[in-house]
Amino acid sequence: MEVNPRIQVEHTVTEEVTGVDLVASQIEIAMGASLEELGLQQENIGCIGSAIQCRITTEDPENGFVPDNGRIITYRSPGGYGVRMDGGAGFSGSVITPYFDSLLVKVSTRSATFHRAVRKMLCVLSEFRIRGVKTNIPFLQRVMAHEDFITGNVDTTFIDKEASSLLSRYQDESKALKILTYLSEVLVNGTDIAGLQGSPGPVPAPLPDVFGKPPPGYKQILDEEGPEGLAAAVRAHQGLLLTDTTWRDAHQSLLMTRMRTSELVTAAPITARHMSNLFSLEMWGGATFDVALRFLHECPWKRLELL
C-alpha cells in the first residue's frame, strides 16, 4: 500500500465528471464515515460528459520549461458555466520566487463532449491576462488546438515529436511592461534597488536529537537473505506494510525536487531511524532524475549510490 502525501493534482477532472467531492469524502471517511454511508458504491458512480484540466504555471516552455520569477503586475482569470478555478499563487502584486511550486492556478473545463470541453478550454486560456512573468499559456493553447490532440492520436512522445510547433517562440506581451517598470524604478529610486544589497546571514536550523545506528529493516533482509528471504518475511508479517513517498512525492510537490544530494544524504540517517518500521521509502521519480541532471547539474546515479 502506498501512502501518498497529497491527493492527485488531476482530481478535479474526476470530480467534474462524477459529481463526487473527493476532498470532502476523504475528510468524512477520516472522521469515521463509510463508503456506503457516503453513497460511494461503484454502481452509484457514473461519468457525465468530459472534463479537461490545465495547470497555469510561470514556466517558460521555449526555455526548457524553466520556472520564471518576478512580480505579477496584472492578473485576471476568466470564468463561466463549466469553468472551474483552483487558485494557487496567482494574483496581482504577488511575488513568484524560484523556491516553490510555479503553479498559479488549475483551470478545469467541463462540457457534454470532449470536443466542446476543448473549445471551452481554448476560450478560457485566451481570456487570461497575466503580466509580469512568463507563463505556459501559449504552449497549452497550441496543445489544445493541435489536430492530434483533438483526435486523440497522441502518446507520451507527442510533445517531443511536435516540439517545433508546440515550443516555437511567441510574442511575450509583458516585455514592454517590464521595461517600463524597470525605467520607472531607476528614474524614481536610482540604481540602489531595495533588497539587492548584501546577503542574508546564516539561519541556524536545529536538528532533531537522533543518535545511534538505525535499527535493521527490510533492506537488510534483502541484502542478507536475498529476494527469497524478503518474500518470506513479507508473507510472515501479520500487519499492514506501508511505503512512504514523502522523499519523492512531497519533495516534488512542495520543493520542486530542488534538494541537492548533499542535503538528502544529511537527512537520510534521521529518516532511516524514525521510519525504520516501514516496508520501503520511495525516493525516486522521473522529475528527480530530470531536475538533478538539468537544473542541479548533479549525477542522478551518484545520488542513488550514496542513498
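Residues numbered from 1 in each chain as written. Predicted model: local features only at pLDDT ≥ 70, side-chain atom pairs only at ≥ 80, totals over all residues. Heavy atoms only, no water.

A.B. asks: Can you help me understand the overall build of the chain in this one?
C.D. replies: Looking only at helices and strands, the chain has 13 helices and 12 strands in total. Overall, the C-alpha framework of the chain stretches about 65 × 60 × 40 Å when taken along its three principal axes. Taking all 307 residues of the chain together, 31% fall into the buried category. Considering only contacts in the chain between residues 6 or more positions apart, those separated by 24 or more positions represent 68%. Per element, the accessible surface of the chain, about 19200 Å² overall, is 58% carbon and sulfur. Treating the 28 positive side-chain charges of the chain as one cloud and the 37 negative ones as another, the clouds have centres 6 Å apart. (Helix = DSSP H or I, 4+ residues; strand = E, 2+ residues; numbered from the N terminus. Buried < 20%, exposed > 50% of the residue type's maximum accessible area, 1.4 Å probe, protein only. Contact = heavy atoms within 4.5 Å. Areas by Shrake-Rupley, 256 points an atom, 1.4 Å probe, with all protein chains shown as cover. Lys, Arg positive; Asp, Glu negative; His and termini not counted. Charge placed at Lys NZ, Arg CZ, Asp CG, Glu CD.)

A.B. asks: Help me out: how do you make sense of helix α9 (residues 218-236) in this one?
C.D. replies: Along an α-helix, a turn takes 3.6 residues, which lines up residues three or four apart on a common side. Taking 1.5 Å of rise per residue, 19 residues should cover 27 Å, yet α9 covers just 12 Å from first to last C-alpha, more than 12% shy of that figure. At Glu225, α9 shows its maximal kink, close to 130°; a proline, Pro227, follows between one and four residues later. Taken together, the buried positions of α9 are Tyr218, Gly226, Gly229, Leu230 and Ala233. (Expected span 1.5 Å × (residues − 1). Bend = angle between axes of the 7 residues up to and from the residue.)

A.B. asks: How do you make sense of the pattern of salt bridges when you look at a structure like this?
C.D. replies: Under the criterion given, the structure shown has 11 salt bridges. Between Lys134 and Asp60 there is a salt bridge, with its nearest N and O atoms 3.2 Å apart. Here Asp60 lies in strand β3 (residues 59-60) and Lys134 lies in the loop between β10 (129-131) and α4 (137-145), a separation of 74 residues in the sequence. We classify Lys134 as partly exposed; its relative accessible area is 23%. Note that Glu282 and Arg248 form a salt bridge whose closest N and O atoms lie 3.5 Å from each other. Taken together, the positions of Glu282 in the loop between β12 (280-281) and α12 (286-294) and Arg248 in helix α10 (residues 246-255) put the pair 34 residues apart, joining distant regions of the chain. A relative accessible area of 22% places Glu282 in the partly exposed class. The exposure class assigned to Arg248 is buried, which follows from its relative accessible area of 17%. One salt-bridge network, in which partners are shared between bridges, spans Glu15, Glu16, Arg84, Asp86 and Arg110. (Salt bridge = Lys/Arg side-chain N within 4 Å of Asp/Glu carboxyl O.)

A.B. asks: How should I be thinking about unusual backbone geometry in this particular structure?
C.D. replies: Trans is the common state for peptide bonds, and a negative phi is the common state for residues other than glycine. In the Ramachandran plot, Phe65 falls in the positive-phi region, its phi being about 60° despite a non-glycine side chain. Phe65 gets classed as partly exposed once you look at its relative accessible area, which sits at 26%. The phi dihedral of His297 is positive, around 55°, even though this residue is not glycine. Among the structural elements, His297 can be located in the loop between α12 and α13 (300-306).

A.B. asks: Looking at this structure, I do not really get the sheet that holds strand β7 (residues 83-87). What am I missing?
C.D. replies: Sheets are built from strands that pair by backbone hydrogen bonding, the pairs being arranged parallel or antiparallel. Taken together, 3 strands build an open sheet; the order of strands is β2-β9-β7 and the sheet is antiparallel. Two strands in the sheet have a free side with no partner beyond their single neighbour: β2 (50-57) and β7. Ignoring which end each strand starts from, the neighbouring axes of this sheet average 20° apart. One ladder, built from 5 bridges, connects β7 with strand β9 (residues 103-111); its direction is antiparallel. Counted as the bridge partner of Arg84 is Ser108 from β9. Together, β2, β7 and β9 form the strand contacts of helix α3 (residues 114-127), whose direction differs from that of β9 by roughly 145°. (Pairing = 2+ DSSP bridges. Axes fitted to C-alpha atoms, helices over the stretch in contact; angles between N-to-C directions.)

A.B. asks: So what exactly am I meant to see when it comes to the environment of Val9 here?
C.D. replies: Looking at the secondary structure, you find Val9 in the loop between β1 (2-3) and α1 (11-18). With sequence-adjacent residues up to four places away left out, Val9 is seen in contact with Gln53, Arg55 and Lys106.

A.B. asks: Looking at this structure, how should I read a nonpolar patch on the surface?
C.D. replies: The grouping of Val23, Ile27 and Met31 at the surface amounts to a nonpolar patch, some 320 Å² of accessible area in total. The residue Ile27 is located in helix α2 (residues 22-30) in this model. (Patch = residues over 30% accessible without salt bridge, like charges linked within 9 Å, V, L, I, M, F, W, Y side chains within 5 Å.)

A.B. asks: How do you make sense of the nonpolar core when you look at a structure like this?
C.D. replies: A general feature of soluble globular proteins is that nonpolar side chains tend to end up buried together. If you look at the biggest cluster of nonpolar residues, it comprises 26 residues, and the most contacted ones within it are Ile56, Val107, Phe128, Ile130 and Met144. Elements represented by at least two residues in this core include exactly β2, β9, α3 and α4. Non-local contacts of Val107, meaning those with residues more than four positions away in its chain, are made with Ile52, Gln53, Cys54, Ile56, Val83, Arg84, Met85, Met121, Val124 and Phe128. (Core = buried A, V, L, I, M, F, W, Y, C linked by side-chain atoms within 4.5 Å.)

A.B. asks: When you look at the environment of Pro214 in this model, what are you seeing that I'm missing?
C.D. replies: Along the chain, Pro214 turns up in the loop between α8 (175-189) and α9. Counting along the chain gives 160 residues from Pro214 to Cys54, while the straight-line C-alpha distance between them is 43 Å. Beyond its immediate sequence surroundings of up to four residues, Pro214 is in contact with Pro269, Ala272 and Arg273.

A.B. asks: Explanation requested: the packing of aromatic side chains in the structure shown.
C.D. replies: Two aromatic rings are characterised by how far apart their centres lie and by the angle between their planes. According to the stated counting rule, one finds 6 aromatic pairs in the structure shown. One aromatic cluster is present, built from ring pairs that chain together Trp284, Phe289 and Trp301. One Lys or Arg, Arg110, reaches over the ring of Tyr81 and ends 5.8 Å from the middle of that ring. For Arg258, the ring lying beneath its charged end belongs to Phe295, and the centroid distance is 4.6 Å. (Phe/Tyr/Trp six-rings, centres within 6.5 Å; stacked < 30°, edge-to-face > 60°. Lys NZ or Arg CZ within 6 Å of the ring centre and 35° of its normal.)

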